[in-house]
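Results of the structural survey
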Amino acid sequence: MLPIGASPPAVNFFCMASADQLGFSFRPAERRTWTVRDLVAAVRTHLEREYGDVWVEGEISNFRAHDSGHLYFTLKDRNAQIRVVMFRSSARLLRFRPEDGLQVVVRGRVTIYEDRGELQISAEYVEPKGAGALQIAFEQLKAKLEAEGLFDSARKKPIPTLPARIGIVTSPQAAALRDILNILRRRHDTASVLIFPAQVQGEAASLEVTAGIRYFNKARNVDVIIVARGGGSAEDLAAFNHEGLARAVAACEIPVISAVGHETDFTILDFVADLRAPTPSAAAELVIRSRQEVDEQLGGLQRRLGKAMRYQLLIARQNLSELARHGAFARMMNLIHRREQRLDDLLNRLAHAQRDVIESQRRRFETLSGAVRHYDLRRVLGGMKKDLDARTTATTSAIRNLLLERKVRVERMDTALRALSPLAILERGYALVFDASGNLLKDAGRVKPGDDISARLAKGTLDAMVKKSRS
């Protein structure tokens, strides 16, 4: 089999020529002319068929992450190099971020980028050489967040001593949750617990735990948050190494306790949380003190307070005794006694003055009461009523006379007005004549035969036509 696009060896032409001389008829192969794209496409197809699944080891250089999500880099060793592209669908599954100088193993298929005719590997999987991908991702994220100050002890919030409400983000079926609830019930059963159910393993675990942290931070219905999960492998705990979860915990204004895994397990959540508990059970021990411890501490404080108070009273009594023996204190007591005596005198004078005022008011009241008893109010009111009736009668008579005079005057004026009214003249047989425009006619020369006129009589109106006018 000849390679694609290769020409037949020269010996074949020699054989065909010899065959023609011997009387045989041979026809040479037709020449095929390729376009560049067709040739590259044919070679790409051949390569992808022959090298469709290869593992290649090398060092990453010229790494570039495009905005589209695709990754581009060169895989090289001491003697050769090849370009590698990892598309977004595969790149988003990486547990770590590739970087220059990292020794990796790439799995993919060998292909050709037709636009430039370059050989490249279309990668589907990349893993670090030596350390695992999860460990590389853990170290990279840890270094990044530490450089941003998310692990600083100065930004960590104190855990309340006796929280009334505790929020727990974990799986409802987890054994860690039962351990926490049993310890909380035993140590201090007055604390209430709110549980946000979330997966603690798998692809969706980090998003659900992050949602729980954000819910409690927004609702502000708890005093402290516990993120709990039992032990497991590095793959099982990978959800707690998520950057989004770490930033949500750092932004949370409620203290967060990390209770993930065993004492030897460390996650990014442990570094960014306000407190790391070795185990979920230890978190329950740390988050709330037992009732016995509280009672013992309260009793100790009470004893210390009583002792301190007795000591302070003893010191105050000694100081007071020393002051009582001082001469200034005696002078002060004399001054106080004189002021007290003066106060008693003023009180006595005030009492006598009050009695004098009350007696004066009593005598005045008795005088007024006697005067009121001799005063006949009904007789006064009877005289006032007679006077009021007389004035009412006089006022009514005057108003009636005034109305009668006004009525007579109005009637006379009405008679005079009727006598002077033009309408009264009409009653004597006269008429008012108007032209077609409604103007009053006073001159016969203003109309001519054929004009329409109207006449206003005492009763009714007449419409007529002028036959003849005489001035």
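Residues numbered from 1 in each chain as written. Predicted model: local features only at pLDDT ≥ 70, side-chain atom pairs only at ≥ 80, totals over all residues. Heavy atoms only, no water.

Considerations on the pattern of salt bridges
The criterion, for reference: One side-chain nitrogen of Lys or Arg within 4 Å of one carboxyl oxygen of Asp or Glu is enough to make a salt bridge. Helix and strand labels come from DSSP, where a helix needs a run of H or I of at least four residues and a strand needs a run of E of at least two; each type is numbered from the N terminus. When a residue's accessible area, from a 1.4 Å probe over protein chains only, is under 20% of the maximum for its type it is buried; when over 50% it is exposed; and in between it is partly exposed.
According to the stated counting rule, one finds 21 salt bridges in the structure shown. With a shortest N-O distance of 3.3 Å, Arg 37 and Asp 115 are connected by a salt bridge. Of the two residues, Arg 37 is situated in helix α2 (residues 36–50) and Asp 115 in the loop between β4 (103–113) and β5 (118–128); the sequence distance between them amounts to 78 residues. Of the residues examined, Asp 115 reaches a relative accessible area of 56% and is grouped as exposed. A salt bridge links Asp 274 to Lys 157; the shortest N-O distance between them is 3.4 Å. In this pair, Asp 274 is assigned in the loop between α8 (268–272) and β10 (275–276) and Lys 157 in the loop between α4 (133–147) and β6 (165–170), connecting sequence segments 117 residues apart.

Thoughts on the sheet that holds strand β2 (residues 71–76)
Which entries qualify depends on this criterion: Any two strands are treated as partners once DSSP identifies two or more bridges connecting them. Where helices are involved, their axes are fitted lines through C-alpha atoms of the stretch in contact, as for all axes, and angles between N-to-C directions lie from 0 to 180°. Whether two residues are in contact is decided by their heavy atoms, any of which lying within 4.5 Å being enough.
In space, the five strands of this closed barrel follow the order β1-β2-β3-β5-β4, with mixed pairing throughout. Across the sheet, the mean angle from the axis of one strand to that of its neighbour is 50 degrees, orientation sign disregarded. Where strand β3 (residues 81–86) lies against β5, three bridges are found, and the strand directions are parallel. For Val 84, the partnering residue across the bridge sits in β5 and is Ile 121. Set on the sheet, α2 makes contact with β4 and β5; between it and β4 the angle comes to about 140 degrees.

Comments concerning helix α7 (residues 243–251)
It helps to recall that an α-helix has 3.6 residues per turn; residues three or four apart then point in one direction. To be explicit about the condition: In this context, the arc is that of the directions from the helix axis out to the C-beta atoms.
Burial in α7 covers these residues: Leu 245, Ala 246, Ala 248 and Val 249. Taken down its axis, α7 places every buried residue within 165 degrees of arc, on the same side.

Brief notes about unusual backbone geometry
With a phi close to 55 degrees, Asn 62 is a non-glycine residue in the positive phi region. By the element assignment, Asn 62 lies in strand β1 (residues 54–65). Notably, Arg 220 is not glycine yet its phi reads approximately 55 degrees, a positive angle.

Considering helix α6 (residues 205–219)
Keep this limit in mind: An expected span of 1.5 Å times one less than the residue number is assigned to each helix.
For α6, spanning 15 residues, the distance from its first C-alpha to its last is 21 Å, which sits close to the expected 21 Å at 1.5 Å a residue. Among the residues of α6, those classed as buried are Ala 205, Ser 206, Val 209, Thr 210, Gly 212, Ile 213, Phe 216 and Asn 217. Looking straight down α6, one finds its buried side chains confined to an arc of 155 degrees; they lie on one side. The exposed set on the far side of α6, more than 90 degrees from its buried face, consists of Leu 207, Arg 214 and Lys 218. Structurally, α6 contributes buried residues whose contacts are with β6, β7 (192–197), β8 (224–229), α7 and β9 (256–260). Positioned one or two residues after α6, Arg 220 has a phi angle of 55 degrees, which is positive.

Comments concerning the sheet that holds β7
Taken together, the five strands give an open sheet; going across it, the order is β7-β6-β8-β9-β10, and neighbouring strands pair in parallel fashion. Strand pairing shows two members of the sheet lacking a second neighbour, β7 and β10, which therefore form its edges. Pairing analysis gives five bridges linking β8 to β9, with the strands arranged parallel. Bridge pairing in β9 links Ile 226 to Ile 257.

Some remarks on the nonpolar core
The condition that has to hold: Here, the term nonpolar core denotes a set of buried Ala, Val, Leu, Ile, Met, Phe, Trp, Tyr and Cys residues that are joined through side-chain atoms within 4.5 Å.
Core analysis: the largest hydrophobic core is formed by 30 residues, its most contacted members being Val 169, Ile 213, Ile 225, Val 227 and Phe 240. Contributing elements (two or more residues each) for this core: α4, α6, β8, α7, β9 and α8. In this structure Phe 240 touches Val 200, Val 209, Val 227, Arg 229, Leu 245, Val 260, Thr 267, Ile 268 and Leu 269, once residues within four positions along its chain are discounted. Listed in part, the 19 residues of the second largest apolar core include Phe 73, Val 84, Phe 96 and Val 106.

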